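Observations on the three-dimensional arrangement
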Amino acid sequence: MKVAFVSSEVVPFSKTGGMADVSAALPKALKTLDVEVKVFTPKYGKFLDKNLKLKIIKNFPSTEILINGNTKNVKYFSSTLPHSNVEVILIENEFYFGRDNIYTTDPDEGERFIFFQKAVLEFLKQTDWIPDLIHLNDWQTALIPYYIKEKYPVFRSSASLLTLHNVAYQGIFPPDILPVADVDEKLFFPTGPAEYYGNFNFLKMGIFFSDVINTVSPTYAKEILTEEFGAGLEGILNERKNDLVGILNGVDYKEWDPASDPLIFENYNSTSLELKTENKIGLCKEIKMRYRKTFPLVGFISRLTEQKGIDLLIEILPELLKLKACFVILGAGEKKYEEQLLEFGKRYSSKLKVIIGYDNTLAHKIEAGADIFLMPSRFEPCGLNQIYSLKYGTAPVVRATGGLRDTVIPYNGNDSNSLRNADGFAFDDYSATQFLKTVQFAVSTYKQKGVWKKLQLNGMSRDFSWDVSAAKYKELYEKAIRQKREV
Ligand code: ADP
Ligand code: GLC
């Protein structure tokens, strides 16, 4: 089975969030299941890893992509995913991708990803590598199902799967993008596949045209059918609900395992949990916070956006800082959140450290050094940090939504049954009061050493490696290909 896996972020080439981790780990896992997979991604100006080696692909038949009647040049580079022989094709155009950030608010943001998608299809066509299925990820790739059905007869028998990592990001642009996107105006009418409240919507096109669709957790697949979580696309998602499934993300334990993680102070596993303390001491030293033996260290790592429940966190911070606990926050994103958090950090510097920025090494050190990890998300398609936390013996406190509900088994404190499997804490409503109560409960549970250790061991023993989920993707590919060939 040949699969082209197309994503706008792939670790270690680029990353803004969890989709980048998935776009590296899933193709590697698929390869072990005998899926012949090639990954396609833009070659951005700045690489995440400066040491990456790329090879230019020479003598390409045509390096011109037609956008709205104008030709734009493309260069193709080849590389592999680390620790694998999965090929990655990187698409370069200095003008579109040589910018400071992966995503921009520039007026041609939509055009950048139209170019990307066309360049992928041109590559496949010209190298005559016609995939059985093209796997798309989020809005930046969501026009491909339309292109392969309507614009490129050569892909007549290729099936398509669109993975929704987050329906809140849809790629909405004014209708004058239609000719740039090469989308037939007939599709642009109220309630039509291309139209969304007077604008053009990439993701809606993808949901309409792809053969099958999935989200990154089973709960999120149900949630997006409702007004609360559908972000305005619940109508079309309900129309496609027979072709919509939820497959929980896995994680890459080669990168995220305290037993072998090279980025943390001291490696540990479930039989050497006492060494976790060395990570707490090391982290406190690094972030210049006094190490307090009896206080739990509470961590938070996130993009600072509304999705992640930052407003709840900010609301309860003054109360949290009254607890016998210390806090470390690492994040970057919306200015207003960055400023508010920094202000708190200044005011309560003995118990709270706020680091604004993106720092992968520090993220690993926080996972290893913290005792409790907060994820009060308003919505969470899957979430990876709570899964990393489980592995690092760092009890997550989560809002029970989307993938957070599907991965954390909450402790209720009332019966010994609950402790048998529990590995974290959860609250249901998006409410500051509930969040505060749950953190208070976690902090008081931390004092019960026996209970705490059981929670840690339960979490560390759970297995979210990609094997199971990759097999589910393979089954979904087979279903989509069958469906396509029956038509
Ligand atoms: P999302 O993709 O919505 O941001 P996920 O939980 O799926 O949420 O993935 C987030 C990923 O990004 C994790 O690997 C996390 O460690 C990483 N991350 C987020 N913010 C930062 C940051 N400021 N510094 C380092 N890593 C970060
Ligand atoms: C998105 C979601 C996150 C998910 C990630 C990877 O960024 O916000 O919940 O884990 O994609 O699928």
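Since the model is a prediction, treat every value here as computed from it, not as a measurement.

The rules behind each value
- Residues numbered from 1 in each chain as written.
- Chains lettered and ligands numbered in written order.
- Predicted model: local features only at pLDDT ≥ 70, side-chain atom pairs only at ≥ 80, totals over all residues.
- Heavy atoms only, no water.
- Near = heavy atom within 4 Å.
- Polar contact = N/O pair within 3.5 Å; in protein donor to acceptor, adjacent residues only side chain to side chain.
- Areas by Shrake-Rupley, 256 points an atom, 1.4 Å probe, with all protein chains shown as cover.
- Helix = DSSP H or I, 4+ residues; strand = E, 2+ residues; numbered from the N terminus.
- Nonpolar A, V, L, I, M, F, W, Y, C, P; charged D, E, K, R; others polar.
- Domains from an automatic or database assignment.
- Buried < 20%, exposed > 50% of the residue type's maximum accessible area, 1.4 Å probe, protein only.
- Right-handed = clockwise from strand over helix to strand, strands pointing away.
- Pairing = 2+ DSSP bridges.
- Expected span 1.5 Å × (residues − 1).
- Contact = heavy atoms within 4.5 Å.

1. Notes on the site of ligand 1
Looking at ligand 1, there are 21 residues lining it, with Gly18, Arg303, Lys308, Gly357 and Leu384 nearest. One of the backbone nitrogen or oxygen atoms of Asp359 is found 3.0 Å away from a nitrogen atom of ligand 1. For ligand 1, the accessible surface in isolation is 560 Å², of which the surrounding protein chains cover 93%. Among the elements that take part in the shell around ligand 1, strand E15 (residues 297-304) stands out by supplying three residues, more than any other. Class assignment for the residues of the shell around ligand 1 results in six nonpolar, nine polar and six charged. Counting residues domain by domain, the shell around ligand 1 receives three or more from each of domain 1 (2-250 + 467-486) and domain 2 (273-463).

2. Comments concerning the pairing of strand E16 (residues 326-333)
The two faces of a sheet get side chains in turn, since along a regular strand they alternate between them. With six of its eight residues buried, E16 lies for the most part within the structure. As for the winding sense of the linkage, the β-α-β connection from E15 through helix H11 (residues 310-320) to E16 is right-handed. Pairing geometry for E16 and strand E17 (residues 352-356), over five bridges, is parallel. Within E17, the residue paired with Leu330 across the bridge is Ile355. The β-α-β motif built from E16, the intervening helix H12 (residues 335-347) and the parallel element E17 has right-handed crossover chirality.

3. Some words on the site of ligand 2
Residues in contact with ligand 2 amount to 13 residues; listed here are only the nearest, His165, Asn249, Glu380, Cys382 and Gly383. Between an oxygen atom of ligand 2 and a side-chain N or O atom of Glu380, the distance comes to 2.5 Å. Take Gly383: an N or O atom from its main chain is 2.8 Å from an oxygen atom of ligand 2. Contact with the protein chains hides 93% of the accessible area of ligand 2, taken as 310 Å² for the molecule alone. Ranked by the residues each element gives to the shell around ligand 2, the list is headed by helix H1 (residues 18-32), at three residues. Residue classes in the shell around ligand 2 are distributed as five nonpolar, six polar and two charged. Three or more residues apiece are contributed to the shell around ligand 2 by two domains, here domain 1 (2-250 + 467-486) and domain 2 (273-463).

4. Considerations on helix H17 (residues 432-446)
Relative to the 21 Å expected for 15 residues at 1.5 Å per residue, H17 spans 21 Å between its end C-alpha atoms, a close match to the ideal helical length. Along H17, the residues classified as buried are Ala432, Phe435, Leu436, Thr438, Val439, Ala442, Val443, Thr445 and Tyr446. Packing partners of the buried residues in H17 comprise helix H10 (276-286), H11, strand E18 (372-375), strand E19 (395-399), strand E20 (425-427) and helix H18 (449-460).

5. Observations regarding the side chain of Ser469
Assignment of secondary structure puts Ser469 in helix H19 (residues 466-486). Note on Ser469: relative accessible area 8%, which makes it buried. Sequence-distant contacts of Ser469, that is, excluding residues within four places in its chain, are made with Ile247, Leu248, Asn249 and Gly250.

6. What about the domain arrangement of the chain?
Taken as a whole, the chain is organised into domain 1 (2-250 + 467-486) and domain 2 (273-463). Averaged C-alpha coordinates put domain 1 and domain 2 at centres separated by 33 Å. On the side of domain 2, 18 residues touch domain 1, which itself brings 19 residues to the contact. Mapped onto the side of domain 1 that touches domain 2, the elements with two or more residues apiece are H1, helix H7 (218-223) and helix H8 (227-230). Tallying contributions element by element places H7 first for the side of domain 1 that touches domain 2, with four residues.

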